[in-house]
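An overview of the molecular structure
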Amino acid sequence: MNRVTVVSICASAGLLLYILEMVRRRKLREEYSILWLAGSVVILVLSLKQNWLVRIAHAVGIVYPPSFLFLVGILFILLILIHFSIAISKLYQMNKKMAQEISLMKTGKEGNHGQETDL
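Residues numbered from 1 in each chain as written. Predicted model: local features only at pLDDT ≥ 70, side-chain atom pairs only at ≥ 80, totals over all residues. Heavy atoms only, no water.

Moving on: helix H1 (residues 3-24). Across its 22 residues, H1 extends 31 Å between first and last C-alpha, which sits within 8% of the 32 Å expected from 1.5 Å per residue. Thr-5, Ser-8, Ile-9, Ser-12, Leu-16, Ile-19, Met-22 and Val-23 are the residues of H1 that are buried. With its phi angle positive at about 65°, Arg-26 sits one or two positions after the end of H1. (Helix = DSSP H or I, 4+ residues; strand = E, 2+ residues; numbered from the N terminus. Expected span 1.5 Å × (residues − 1). Buried < 20%, exposed > 50% of the residue type's maximum accessible area, 1.4 Å probe, protein only.)

Given below as structure tokens:
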């Protein structure tokens, strides 16, 4: 086993354990951990199964197989960034809608101040 393989195994196993610990401590929600777990498991499996890594890397056209590990990692990070961008966009829209509703409620209370309402 060469140094790059050992580093990739240690890094992916460390990331996997770290994500599991953050989920266990409730610092990371399960729905957000799925992509992180998938990415670290894929990199760990490819690090352990060198023949799979070599075959897939050559099939894609990458001469140096450890470079394929970095490509896989970067692609998972891009997926996570897209996922978070979608979540942030939804939260922004919800926040904007709630702020508008609160403003309308405050305006309605101030407009009715001192007036009796018919029930």
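Having seen it, we continue.
Take the environment of His-58 next. Inspection of the secondary structure assignment puts His-58 in helix H3 (residues 50-60). Given a relative accessible area of 47%, His-58 falls into the partly exposed group. Counting along the chain gives 30 residues from His-58 to Leu-28, while the straight-line C-alpha distance between them is 36 Å.

Evaluation of the coordinates by the stated rule reveals four salt bridges. Among the ionic pairs, Arg-24 bridges to Glu-21, the shortest N-O distance being 2.6 Å. Taken as a pair, Arg-24 and Glu-21 lie in helix H1 at a separation of three residues, close to a single helical turn. Take Arg-24: its relative accessible area is 59%, and that puts it in the exposed class. With a closest N to O distance of 2.8 Å, Arg-25 and Glu-21 form a salt bridge. With a relative accessible area of 24%, Glu-21 lands in the partly exposed category. (Salt bridge = Lys/Arg side-chain N within 4 Å of Asp/Glu carboxyl O.)

We now examine the packing of aromatic side chains. With the rule as written, the count across this model stands at one aromatic pair. Relative to Phe-84, the ring of Tyr-32 has its centre 5.4 Å away and its plane inclined at 65°; by these criteria the two rings are edge-to-face. Separated by 52 residues along the polypeptide, Tyr-32 in helix H2 (residues 30-48) and Phe-84 in helix H4 (residues 65-111) bring together distant segments of the chain. Since its relative accessible area comes to 28%, Phe-84 is described here as partly exposed. Positioned over the ring face of Trp-52 is Lys-49, at 5.5 Å from the centre of the ring. (Phe/Tyr/Trp six-rings, centres within 6.5 Å; stacked < 30°, edge-to-face > 60°. Lys NZ or Arg CZ within 6 Å of the ring centre and 35° of its normal.)

Quick look at the nonpolar core now. One finds Ile-43, Leu-46, Leu-53, Ala-57, Ile-62, Phe-68, Leu-69, Val-72 and Phe-76 forming the largest nonpolar core, which totals nine residues. Of all elements in the fold, only H2, H3 and H4 reach the threshold of two or more residues within this core. At four residues, H4 tops the list of elements feeding residues into this core. (Core = buried A, V, L, I, M, F, W, Y, C linked by side-chain atoms within 4.5 Å.)

Turning next to the side chain of Ser-12. With respect to the helices, strands and loops of the structure, Ser-12 is situated in helix H1. Side-chain polar atoms of Ser-12 contact the backbone oxygen of Ile-9, separated by 3.2 Å. Each residue touching Ser-12, except ones within four places of it in the same chain, is listed here: Ser-40, Ile-43 and Leu-44. (Polar contact = N/O pair within 3.5 Å; in protein donor to acceptor, adjacent residues only side chain to side chain. Contact = heavy atoms within 4.5 Å.)

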